[in-house]
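Structure at a glance
Given next are the chains, with one letter for each unit.
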Amino acid sequence: MQIGVDEAGKGPVLGSMFAAAVRAPADAIPEGVRDSKELAPERREELAAALRAEERVAVGLAEVTPSRIDDPETDMNTLTVAAHAEALDAVAVAGDTTYLDAGDVNAVRFERRVSERLRTGIDLRGEHGADAAYPVVAAASVIAKVERDAHVEAIAAEYGEVGSGYPGDATTRGFLESYVDEHGRLPDCARTSWSTSREMLAEREQAHLGAFGEEGSTERENSASDGREH
């Protein structure tokens, strides 16, 4: 049996990263499955539902939360390795052949690091672009992306429009700026260790220092004026 593993949400400033492992025979993968980035959201949801409805398909999921991402004792490469291993352990059977969409510039190193974390002995093959080369990895990318999208929708239901959650998204940046300005802190859904988050806090602090300076200057001017008048 083959397994494919991929993750979604590695780069956003908001929310969790998700890894999915799909274990399935080749003929159980729905037609049209390919790298999730090439599919419209509605099509991804259709394919994810079809995969979950197929009795011969097993799906393992791992979520890496913002608090886990912000832990100074780890890094995203290590967390991606851990997520792949956790998703795999949920479905792997000894003897399975598994294809990983390598989350490291060194695919062999990524493969080795995932293998070291597994409870089950399986044959791993880490490759860049595996989601384009192997339908079972594409299936995993679809599942992971649908989970990530649902997660962002849940964040939006709690906070209002937040965009995609990526740092380059103007809606996401606008949400963070407004939240920090109103509350003086980042929302719980934000990855506080991200440079975007730190920039938002620094900008607010700078703005408040500037406002304080202007207020102090006005007070000094008023005091001086009072002195001259009396």
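In what follows, the accompanying structure is described.

Procedures and definitions
Residues numbered from 1 in each chain as written. Predicted model: local features only at pLDDT ≥ 70, side-chain atom pairs only at ≥ 80, totals over all residues. Heavy atoms only, no water. Buried < 20%, exposed > 50% of the residue type's maximum accessible area, 1.4 Å probe, protein only. Helix = DSSP H or I, 4+ residues; strand = E, 2+ residues; numbered from the N terminus. Pairing = 2+ DSSP bridges. Salt bridge = Lys/Arg side-chain N within 4 Å of Asp/Glu carboxyl O.

Turning to the pairing of strand E4 (residues 97-101), a few remarks are in order. Extensive coverage of E4 is indicated by the burial of five of its five residues. The pairing of strand E1 (residues 2-8) with E4 spans four bridges and is classified as parallel. In the strand pairing of E4, valine 5 is matched with leucine 100. Here E4 pairs with strand E5 (residues 123-127) via five bridges, running parallel. For aspartate 101, the partnering residue across the bridge sits in E5 and is glutamate 127.

Let us now look at the pattern of salt bridges. Applying the stated criterion across every chain yields a total of 15 salt bridges. Between glutamate 86 and arginine 68 there is a salt bridge, with the nearest N and O atoms lying 2.6 Å from each other. Remark: arginine 68 occurs in helix H2 (residues 66-69) and glutamate 86 occurs in helix H3 (residues 76-89); sequence separation between them is 18 residues. With relative accessibility at 33%, the residue glutamate 86 sits in the partly exposed group. A relative accessible area of 29% places arginine 68 in the partly exposed class. The shortest N-O distance in the salt bridge between arginine 109 and aspartate 104 comes to 2.8 Å. A relative accessible area of 34% means that arginine 109 is categorised as partly exposed. Aspartate 104 gets classed as buried once you look at its relative accessible area, which sits at 7%.

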